[in-house]
Amino acid sequence: LQADVLAQIDQTTELKSLNDIRVNTLGKKGPITEVLRGMKDLTAEERPVVGAFANEIRDNLQAAIETKKAALEAAALNAQLASEALDVTLPGHAVRKGNAHVIQQIIEQLEDQFIGMGYQIAEGPEVEEDKYNFEMMNLPKDHPARDMQDTFYITPEILMRTQTSPVQARTMEQHDFAKGALKMISPGRVYRRDTDDATHSHQFHQVEGLVIDKHITMGDLKGTLLAVAQELFGAKHQIRLRPSYFPFTEPSVEVDVSWGDVDENTKPEDIEWIEVLGAGMVHPNVLTKAGIDPEVYGGFAFGLGPDRFAMLKYGVDDIRNFYLNDVRFLSQFK
Ligand code: FA5
């Protein structure tokens, strides 16, 4: 029995089966207990001999089980330590870093430029009154030029602003000319019932600009716009001013920027132009409606499209890419 059980103990690799061996051999129903229990049937001479022998085997097996138990517990602890070991030299998980939307980047670049030229940044509501969006901009209710900007109306008097120009009216109303000239830009979202295509979105951005002072000329407007366009686009693109019409400026111009690379060998008829902004000298009616005397003050205004600027700067040929919010597209502009 002893040799057999010792062999079993030796082969055991689990604490649970070791315990089974202990219960089976040394437990209440085990063979050794049975022998000791049968002592009463033995003669007085046999008892000490059998008793001593049984006790010796029991002690031997008990000692073997304890030794094996300690060894198995130590092995289990080592295995656990090995499996839970922390390798501090393994590379960690990279934290994904977001970036500002490309149009926001263009707007911030423009803000930096204009702040450098002494402009303030103004804000206005996207849900706007008809009064500021149209009437104070010299576009009364029956004016045919309202059709140029197809409008989302909320009520007959409240609309989604179609342009950032209402911020002109709001800042002119507030400005204290005793403190100096008015020079502001106002970036923000605008909304139109335009059919989406490669260069039109029903929701896009504008950056309005307005300068009002005593001796402002068309030359100031042209110089400002050329400086901004050159800073943003560099020498690769050409710029042209075209006469245009807006009810709130007189005279009015539109500025186009050439699409793709252009150099001195490019034939003028081969250049493809994309319209990026409207501008002009502030109409006397607009000044009067805001309580400014057009005999004393004058100025220029412009409204540019940063979406179109972003298209030109990065060669993106479809404006809708900016609004699909595909991270693979947007994460290119870091
Ligand atoms: C205006 O909105 C005038 N308020 C601009 C202005 C301000 C003129 C101050 C004079 C003085 P227009 O509708 O042309 O003008 O739009 C101005 C610019 O916004 C365009 O040159 C173009 O860059 C951009 N734009 C217009 N419609 C869209 C559109 N659907 N999607 C993307 N960009 C557009």
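Residues take numbers from 1 onward in each chain, read along the sequence in its written order. It should be noted that, the model being predicted, local features are given only for residues of pLDDT at least 70 and side-chain atom pairs only at 80 or more, the latter also being counted only at that level, while totals for whole chains, interfaces and linings use all residues. Side-chain calculation: all heavy atoms of the structure are included, whereas hydrogens and water are not.

Observations regarding unusual backbone geometry
In the segment running from glutamate 250 into proline 251, the intervening peptide bond is cis, with an omega of -5°. Helix and strand definitions follow DSSP, with helices as H or I runs of at least four residues and strands as E runs of at least two, each counted in order from the N terminus. Mapped onto the elements, proline 251 comes out in strand 7 (residues 249-259).

Some words on the environment of threonine 12
With respect to the element layout, threonine 12 can be found in the loop between helix 1 (2-11) and helix 2 (15-26). Exposure categories follow from relative accessible area, calculated using a 1.4 Å probe and restricted to protein chains: below 20% of the type maximum is buried, above 50% is exposed, and the middle band is partly exposed. Residue classification places threonine 12 among the buried positions, given a relative accessible area of 7%. Here the alpha-carbon distance between threonine 12 and isoleucine 216, two residues 204 residues apart in the chain, equals 99 Å. Note on contacts: a residue pair qualifies if any of its non-hydrogen atoms lie within 4.5 Å across the two residues. With near-sequence residues (within four places) excluded, threonine 12 lies in contact with Ser17, Leu18, Ile21, Lys68 and Leu72.

Considering the site of the ligand
The near set for a molecule or strand comprises every residue that places at least one heavy atom within 4 Å of it. Around the ligand, 27 residues are found, and the nearest of them are Gln163, Arg192, Asp194, Glu275 and Val276. Within the side chain of aspartate 194, a nitrogen or oxygen atom sits 2.8 Å from a nitrogen atom of the ligand. By the criterion applied in these results, polar contacts are pairs of N or O atoms within 3.5 Å in which, for protein atoms, one can donate a hydrogen and the other can accept it, and in which residues neighboring in sequence qualify only through two side-chain atoms. Here glutamate 275 contributes a side-chain N or O atom positioned 2.6 Å from an oxygen atom of the ligand. The protein chains shown are the only cover counted for residues, whose accessible areas, like all others here, come from Shrake-Rupley with a 1.4 Å probe. Relative to its unbound accessible area of 680 Å², the ligand is 96% covered by the protein chains. Elements represented by at least two residues in the shell around the ligand include exactly strand 5 (203-213), strand 7, strand 8 (272-282) and strand 9 (298-304).

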